[in-house]
Amino acid sequence: GAYGFTRAESREALESTGWTEQDATYVLLRKLHPKSESERDAEDDDDDDADAASVLAGRADEALALESIFEDAFVSEPSLWTVQIPADDPSSWRPCWLEIHFPPGDRYPKTPPLVSVRQPNVPPAIRRSVAAQLAALACGDLRGEPAVFALAEWLREYLPAILEEHGEMDEA
C-alpha cells in the first residue's frame, strides 16, 4: 500500500478493526514503533485522564508554533497534521509530506506520534522504512516532547540522500 505495508498486513489490520480503514491505518502505523514502545504506551494508557486537557493544550501550542515556522507548508486538522518538505531539485523530485496522525484518545505529545511519509518518488517499502526511522526517533530522545519540528528537520536533512539512493525520478 501507500505506506509500504504488505497486503497481508493491511488485510489483517482491516479485519482486526472491523474493516474501518482509518483505524486499520492507525494499527499499521503503531507497528512502526519499536517493540518496547507498545508496552510503554499501554502503561501510559493507565494514567488518569485528568491531563487530557493539558495534552490538547500542548498540542495546540505546538500547532501554533509549526504554523509560524512552516507557514503554508503546515496543515493542521483534528486527526492529521501535514508538513510539506520541499525537494532540493523540484525539476526532478516532488515534495515530501510528513504526516502525524491523531487517533481518538491520542495523548501526543505525552506519547510518541503516529508518523507516516508520503513521497511519490520513493517506493512504498522505503517510505515505510523512513517512517519507522522517524517513529524510532520519536520514541527515543523526543519521547514526551513536541517532536514534529525535529522530525520534519530530520526528514528535510535526509530526504536528498533518500531520493538519491532510492528515488524514482519524474519523467521530464
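Here, the structure is the one placed above.
Residues numbered from 1 in each chain as written. Predicted model: local features only at pLDDT ≥ 70, side-chain atom pairs only at ≥ 80, totals over all residues. Heavy atoms only, no water.

## Points about the sheet that holds strand β4 (residues 114–118)
Backbone-to-backbone hydrogen bonds pair the strands of a sheet. The strands run either parallel or antiparallel.
Inference 1: Spatially, β1-β2-β3-β4 is the arrangement adopted by the four strands of the open sheet, whose pairing is antiparallel. Looking at which strands have only one partner, the edges of the open sheet turn out to be β1 (74–77) and β4. Sheet twist, expressed as the mean angle between neighbouring strand axes with direction ignored, is 15°.
Inference 2: Relative to β4, strand β3 (residues 96–101) is paired through five bridges, and the arrangement is antiparallel. Bridging across to β4, Leu-98 finds its partner in Val-117.
Inference 3: Those strands touched by helix α5 (residues 124–139) are β3 and β4, and its axis lies near 145° from that of β4. (Pairing = 2+ DSSP bridges. Helix = DSSP H or I, 4+ residues; strand = E, 2+ residues; numbered from the N terminus. Axes fitted to C-alpha atoms, helices over the stretch in contact; angles between N-to-C directions. Contact = heavy atoms within 4.5 Å.)

## Details of empty space enclosed by the protein
Inference 1: Using the criterion set out here, one finds two cavities of 30 Å³ or more in the structure.
Inference 2: By volume, the largest cavity is sized at about 40 Å³.
Inference 3: Taken together, Val-117, Gln-119, Val-122, Arg-127, Val-130, Leu-155, Leu-159 and Ile-162 make up the lining of the largest cavity.
Inference 4: If you list the elements that add at least two residues to the lining of the largest cavity, you get α5 and α6 (148–166).
Inference 5: The leading source of residues in the lining of the largest cavity is α6, at three residues.
Inference 6: Estimated volume of the second largest cavity: approximately 30 Å³.
Inference 7: Together, Tyr-3, Phe-5, Leu-29, Leu-32, Val-115, Ser-116, Val-117, Arg-127, Arg-128 and Ala-131 line the second largest cavity.
Inference 8: Elements represented by at least two residues in the lining of the second largest cavity include exactly β4 and α5.
Inference 9: Among the residues forming the lining of the second largest cavity, the class breakdown is seven nonpolar, one polar and two charged. (1 Å grid on protein atoms, 1.4 Å probe; cavity = no way out; pocket = protein on both sides within 12 Å on 5 of 7 lines; lining within 4 Å. Points joined across faces, edges and corners; volume = space filled by probe spheres on them. Nonpolar A, V, L, I, M, F, W, Y, C, P; charged D, E, K, R; others polar.)

## Section: the packing of helix α1 (residues 7–16) against helix α2 (residues 21–30)
Inference 1: In the contact formed by α1 and α2, the axes pass within 8 Å of each other and the chain directions differ by 120°. Judged on the interaxial angle alone, α2 and α1 are oblique. Where α1 crosses over α2, the handedness of that crossing is right-handed. On α2, the residues that touch Glu-9, Ser-10, Ala-13 and Leu-14 of α1 are Glu-21, Ala-24, Val-27 and Leu-28.
Inference 2: In the contact of α1 with α2, the residues fall into five nonpolar, one polar and two charged. (Parallel < 35°, antiparallel > 145°, perpendicular 65-115°, else oblique. Left-handed = near helix turned anticlockwise from the far one by under 90°.)

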